[in-house]
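# Descriptive analysis of the structure
The chain contents come next:
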Amino acid sequence: MGFLLSFFLRNGIHSKRTIWMMVLALIPVGCALILLMTKPFLEKQGILLSSLFPQVSLLLFLHFLLPLISLFIGTAIIADEVEERTLPYLLVRPTPRGVVILTKTLAGIITGGLILLTSLALTYSALMIGTSTSTWASNFSRLLRVSGVLLLGLLVYLPFFGFLGGTIKHPVMAGIFFAFGWESTVSFFPGNVKLFTVVHYLHILFPSMGKISSVNMKSVFLNLIMPAKQISSLASILILIGMFLLFTGLTALLLYIKEYRLEQA
Amino acid sequence: MNIEVKNLSKWYGQVIGVNNLNFNIGPGVTGFLGPNGAGKTTLIRLLTGQLKPSKGELIIGNEPVWNNHRILRQIGYCPEMDAFWNYLTGWEFVFSLIRMHGFPRDEAEERTRKAIKTMDIEKAQDKRIGSYSKGMRQRIKMAQAIAHEPAILFLDEPLNGMDPLGRRTTIELIKDFGNQGKIVIVSSHVLHEVEKMTDKIILINHGRLLAEGNIYEIRRLIDTHPLQVTIRCDKVTLLTAKLMEYEDVQSVHFDRENNQLTVETNRPDEFHLRLPKIALESDVKIYSLWSPDENLEAVFDYLVR
């Protein structure tokens, strides 16, 4: 399995999708740099640049980059090998198909995690430039927690999109609808329907947005998407791990039961 | 070990891939012969466990093939498709697939080296497959199929794109595998290629088994099939007259504008032996010669008529 993991990691590095993801990951960094350039203006308004990290990490990472990177990698878990017609080389080996899927998913989580966390660290650094060591340190625990939530999110979204990629013809379109349609819209719904989203459990684990009020950034939008805590953090983690196991299992099962009829050359 | 195929059918929706096949294959080389689209690749994908039978049974050594890792461990497969992880070098490609077969690093290295040497691709082993010629890609595909020394080897159109030397080496290699008592299945749409490897063939067309057995029987039938030969030369009228003197020549149509004639003969072998002699004696320069219906499809149409 160790060799298989390194093989798929290398595959990921050479994939065009990875380059696109790296470009996408520069968006939050770019935004942070723009904010940095407007620092004097923001300070005149009484807004500290370092205090914007919670909002930036929520909107640009949890709601934008995380689902997008998961979508790019997840839909490629099976689809890439089908499109490149390399799947037969893997299927005629005695390696169990479930192991192939699990390893590909793990490689995707590592690649996606590295891209996501590097972007987060760079964004954090850009927003913390010129702040005192104590501000840097006090925000660092938030950075660690956000990193953990993003990794958990990747753990669930990636196999989910992997399952989509192995089952339907246009997984990217369906994935975009899910990530930016269902996940975002249902978060606004009252009642329990939001329990059927992944992002709901990630919101529960996300560091509190308490600092928003201190910089007068309280917005209706942020209040709406941050739900009241109905279930505990531990329960959320367990549910997210359960989802990871379910979607990884379903994706692995696909390779056992579904045939992939590759077009002949 | 034997391969048993019982009432095997595979369909995709309304499209039939293979239809009610029954045969047994034992050790040695067996050729799957049929025109493009006959169902050879579907059959090989079924036999290698990539596809699940819609109906019937597929048994190798008393075990079903689908999702059976004990069987997969004994299989070597060279796909027809020209598909690779192009960033890998030839060495990395073979080594990676052998490692996936479960061999430890040292043994995988040794097997990779041996397979690459057997396929005579050592000079290109450190170049990326993306830069390989078609012939080299065929060789590296063969290398990954044989590196783990499988008991059963499935080769789907293995000679496609190979240069004459590569073809000869590969044909010899396939025969060697057969002589070692392994089961080797080679698919091809080129009769004379299969003929050089084995005398055991399974003829397939439109997903159905047309004939099974000795290639020479089939060859005899094919040799009596009237063959059309189109010749482009400088003296069309003279060559037409000369050819018409022979009994086996059924008809000659000539096209003076394009300097070509089309001959129909019912003894193709004799005709091909005779033609150079006539051309020399009559001082006729032949620019080109081809048989519009020499492809296997025409022969199959003839056989099933």
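Parameters and conventions
Residues numbered from 1 in each chain as written. Chains lettered and ligands numbered in written order. Predicted model: local features only at pLDDT ≥ 70, side-chain atom pairs only at ≥ 80, totals over all residues. Helix = DSSP H or I, 4+ residues; strand = E, 2+ residues; numbered from the N terminus. Buried ≥ 20, exposed ≤ 12 C-beta atoms within 10 Å, placed from the backbone. Pairing = 2+ DSSP bridges. Axes fitted to C-alpha atoms, helices over the stretch in contact; angles between N-to-C directions. Domains from an automatic or database assignment. Contact = placed C-beta atoms within 7 Å. Nonpolar A, V, L, I, M, F, W, Y, C, P; charged D, E, K, R; others polar. Parallel < 35°, antiparallel > 145°, perpendicular 65-115°, else oblique. Left-handed = near helix turned anticlockwise from the far one by under 90°. Core = buried A, V, L, I, M, F, W, Y, C linked by C-beta atoms within 7 Å. Expected span 1.5 Å × (residues − 1). Arc of directions from axis to C-beta.

The subject of this paragraph is the overall build of chain B. Per the secondary structure count, chain B includes 11 helices and 14 strands. Its C-alpha atoms put chain B at 70 × 45 × 35 Å along the principal axes. Out of the 305 residues in chain B, the part that is buried amounts to 40%.

All names here are of chain B. Taken together, the 4 strands give an open sheet; going across it, the order is β12-β13-β11-β14, and neighbouring strands pair in antiparallel fashion. Edge positions in the sheet fall to β12 (249–255) and β14 (286–290), since each has one partner strand and no second. Taken over all neighbouring pairs, the strand axes of this sheet differ in orientation by 20° on average, direction set aside.

Split into domains, chain B comes out as domain 1 (3–214) and domain 2 (224–304). Relative to domain 2 of chain B, the C-alpha centre of domain 1 of chain B lies at a distance of 37 Å.

A few words now on the interface of chain B and chain A. At the junction of the two partners, chain B supplies 27 residues and chain A supplies 22 residues. Looking at the side of chain B that touches chain A, the elements that each hand over two or more residues are α2 (69–72), β6 (75–78) and α3 (90–100) of chain B. When residues in the side of chain B that touches chain A are grouped by element, the largest group, 4 residues, is from α3(B). Classifying every residue of the side of chain B that touches chain A gives 13 nonpolar, 9 polar and 5 charged.

All names here are of chain B. Relative to each other, α3 and helix α4 (residues 105–118) sit at 130°, their axes nearing to 9 Å. What the angle tells us is that α3 and α4 run oblique. Taken as a pair, α3 and α4 cross one another with a handedness that is right-handed. Contact with α3, carried on its side by Gly 90, Trp 91, Val 94, Phe 95, Ile 98 and Arg 99, involves Ala 108, Glu 109, Arg 111, Thr 112, Ala 115 and Ile 116 of α4 and no other residues of that element. Among the residues making up the contact of α3 with α4, the classes are represented as 7 nonpolar, 2 polar and 3 charged.

Here we come to the packing of helix α4 (residues 53–74) of chain A against helix α7 (residues 97–128) of chain A. All names here are of chain A. Axis separation between α4 and α7 bottoms out at 10 Å; the angle between their running directions is 155°. Classified by the angle their axes make, α4 and α7 are roughly antiparallel. Along this stretch, α4 crosses α7, giving a crossing that reads as right-handed. Across the interface between the two elements, Phe 53, Val 56, Ser 57, Phe 61, Leu 65, Leu 66, Ile 69, Ser 70, Ile 73 and Gly 74 from α4 touch Gly 108, Thr 111, Gly 112, Ile 115, Leu 116, Ser 119, Leu 120, Thr 123, Tyr 124 and Leu 127 from α7. Taken together, the residues of the contact of α4 with α7 break down into 12 nonpolar, 8 polar and no charged.

Our next topic: the nonpolar core. Ranked by size, the top nonpolar core spans 75 residues in total, and within it Val94(B), Ala143(B), Phe154(B), Ile174(B), Ile185(B) and Val186(B) carry the most contacts. Of the residues forming this core, the biggest block, 7 residues, is contributed by α3(B). Each residue touching Ile174(B), except ones within four places of it in the same chain, is listed here: Val29(B), Leu155(B), Val184(B), Val186(B) and Met197(B). By size, the runner-up hydrophobic cluster in this structure holds 57 residues, among which are Leu58(A), Phe163(A), Val198(A) and Phe247(A).

All names here are of chain B. Its place among the elements puts Trp 66 in the loop between β5 (63–64) and α2. Since 14 C-beta atoms lie within 10 Å of it, Trp 66 is described here as partly exposed. It is 7.4 Å that separates the C-alpha atoms of Trp 66 and Gln 50, two residues lying 16 residues apart in sequence. Contact partners of Trp 66, with chain neighbours within four places excluded, come to Gly 49 and Lys 52.

Glancing now at the sheet that holds strand β8 (residues 183–188) of chain B. All names here are of chain B. As summarised here, the arrangement of the 6 strands in space is β6-β7-β8-β3-β9-β10, forming an open sheet in which the pairing is mixed. The open sheet has two free edges, formed respectively by β6 and β10 (208–214), since each of these has just one partner strand. Neighbour-to-neighbour, the strand axes of this sheet turn through a mean angle of 15°, independent of strand direction. Inspection of the sheet shows β6 paired to strand β7 (residues 152–156) by 4 bridges, in the parallel sense. Counted as the bridge partner of Cys 78 is Leu 155 from β7.

Bringing the environment of Val249(B) into the picture now. Residues and elements named next belong to chain B. Among the secondary structure elements, Val 249 is positioned in strand β12. Given 19 C-beta atoms within 10 Å, Val 249 falls into the partly exposed group. Along the primary structure Val 249 and Val 263 are separated by 14 residues, whereas in three dimensions their C-alpha atoms are 6.9 Å apart. Not counting chain neighbours up to four residues away, the residues in contact with Val 249 comprise Leu 243, Met 244, Val 263 and Thr 265.

A turn of α-helix holds 3.6 residues, and therefore any two residues three or four places apart point the same way. Residues and elements named next belong to chain B. Between its terminal C-alpha atoms α4 stretches 20 Å, which fits the 20 Å expected from 14 residues at 1.5 Å a residue. Within the span of α4, buried status applies to Ala 108, Arg 111, Thr 112, Ala 115 and Ile 116. Burial along α4 is one-sided: seen end-on, the buried residues are contained in an arc of 130°. Summarising the geometry of α4, the exposed residues directed more than 90 degrees from the buried face are Asp 106 and Lys 117. Buried residues along α4 sit in contact with α3 and α5 (134–146). Immediately beyond the C-terminal end of α4, within one or two residues, lies Asp 120, with a positive phi of roughly 55°.

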